[in-house]
Amino acid sequence: AAVGLVIPAAGLGERLGVGMPKALFAVGGESLLVHAVRAGTASGVVTSVVVAAPMGQAASVHSMIERELPAGAALRVVDGGATRQASVRAALAELPADVRVVLVHDAARCLAPAALFADVAAAVAGGDDAVVPGLGVVDTLKEVGPLGEVIATPDRSRLRAVQTPQGFTREILERAHHEALRRGDNDVSDDAGLVERIGCPVRVIPGHAEAFKVTRPLDVELAEAVLTSRRG
Ligand code: C5P
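Residues numbered from 1 in each chain as written. Predicted model: local features only at pLDDT ≥ 70, side-chain atom pairs only at ≥ 80, totals over all residues.

Participant: In this structure, what is going on with the overall build of the chain? I would like to understand it.
Facilitator: Within the chain, the secondary structure is distributed over seven helices and 12 strands. Considering only C-alpha atoms, the chain reaches an extent of 50 × 40 × 35 Å along its principal axes. Here the chain holds 232 residues, and 41% of them are scored as buried. Of the contacts made within the chain by residues no fewer than 6 positions apart, 74% connect residues no fewer than 24 positions apart. (Helix = DSSP H or I, 4+ residues; strand = E, 2+ residues; numbered from the N terminus. Buried ≥ 20, exposed ≤ 12 C-beta atoms within 10 Å, placed from the backbone. Contact = placed C-beta atoms within 7 Å.)

This is the structure we're talking about:
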């Protein structure tokens, strides 16, 4: 089945504090977005790419990514929305008709290995409607109230920190976004969360340490170090 790669890349990156949209910030000489597109297309499974670009930058983003695509892959770039969820929704609306499986991948997880995209797509092709990569958590997590009071300490062994690419059948992902909008949810941070809410099972498969999200300044140092070590 044709596989579409949806990349929400419209975030402002306020926690990173680099004074530009995060996806356009460069590590190792290339923007996070270019790294993300390269990894996704290097998986060999992606037939089309739709990027949700920072508002007003669709044209420049299009020319930035065009040359990264393998021959025959389709590219569309749309303006993103005010939330990640809105950006994904805008991109989904532009997927070519033949796409049956969708991988949604944050530009900010720019170093996710190509093999992870292939693993997620294979799990969807194998019959799971919704597949997310995840890793065990190293910290003990607390649920807290507004005054910092601890409400609960969930058993760490049962928790996973989930990443992207997240993979879905197109039908399920579109339905989940549609239902979210109908409910009035507009700022749910992951697509699998929307799919869970329509009662569809979601499977977690092993994630990858290098699929971390570049969010804060320390993450940039980590990304630079990973790229240096990859260059051997
Ligand atoms: O802010 P955060 O790092 O969680 O964003 C995750 C991804 O969602 C990033 O790649 C970011 O560019 C994207 N995003 C978006 N539109 C928004 C907010 C975030 O495409 N309005």
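Participant: Help me understand the packing of helix α3 (residues 84-92) against helix α5 (residues 170-183), please; the structure alone is not making it clear to me.
Facilitator: It is at 11 Å that the axes of α3 and α5 come closest, and there the two elements cross at 130 degrees. Looking at the two axes, α3 sits oblique to α5. The chirality of how α3 crosses α5 is left-handed. In this structure, α3 contributes Q85, V88, R89 and L92 to the contact, and α5 contributes L173, E174, H177 and A180. Taken together, the residues that form the contact of α3 with α5 break down as four nonpolar, two polar and two charged. (Axes fitted to C-alpha atoms, helices over the stretch in contact; angles between N-to-C directions. Parallel < 35°, antiparallel > 145°, perpendicular 65-115°, else oblique. Left-handed = near helix turned anticlockwise from the far one by under 90°. Nonpolar A, V, L, I, M, F, W, Y, C, P; charged D, E, K, R; others polar.)

Participant: Just to check I follow, could you spell out unusual backbone geometry for this structure?
Facilitator: Excluding glycine, a negative phi dihedral is what most residues carry, and trans is how most peptide bonds are arranged. The omega torsion across T164 and P165 is 5 degrees, close enough to zero to call that bond cis. As for its position among the elements, P165 is in the loop between β10 (160-162) and β11 (166-169).

Participant: Can you help me understand the UniProt feature "site: Positions MEP for the nucleophilic attack" (unreviewed entry) in the chain in this one?
Facilitator: Under the UniProt annotation, "site: Positions MEP for the nucleophilic attack" (unreviewed entry) lies at R156 and K213. By secondary structure assignment, the location of R156 is in the loop between β9 (150-152) and β10. The exposure class assigned to R156 is exposed, which follows from the 12 C-beta atoms found within 10 Å. For R156, the contacting residues outside a window of four places in its chain are V137, T140 and L141. Structurally, K213 can be placed in the loop between β12 (203-206) and α7 (217-230). (UniProt positions renumbered as here; feature names shortened; annotations may be inferred.)

Participant: What am I meant to see in the UniProt feature "site: Transition state stabilizer" (unreviewed entry) in the chain here?
Facilitator: Taking the numbering used here, the UniProt-annotated feature "site: Transition state stabilizer" (unreviewed entry) corresponds to R15 and K22. Relative to the helices and strands, R15 is located in the loop between β1 (2-8) and β2 (26-27). Leave out the neighbours within four places in its chain, and R15 touches T215 and R216. Positionally, K22 belongs in the loop between β1 and β2. Residues within four places of K22 in sequence aside, it is in contact with G11, G13, L16, L32, A108 and V214.

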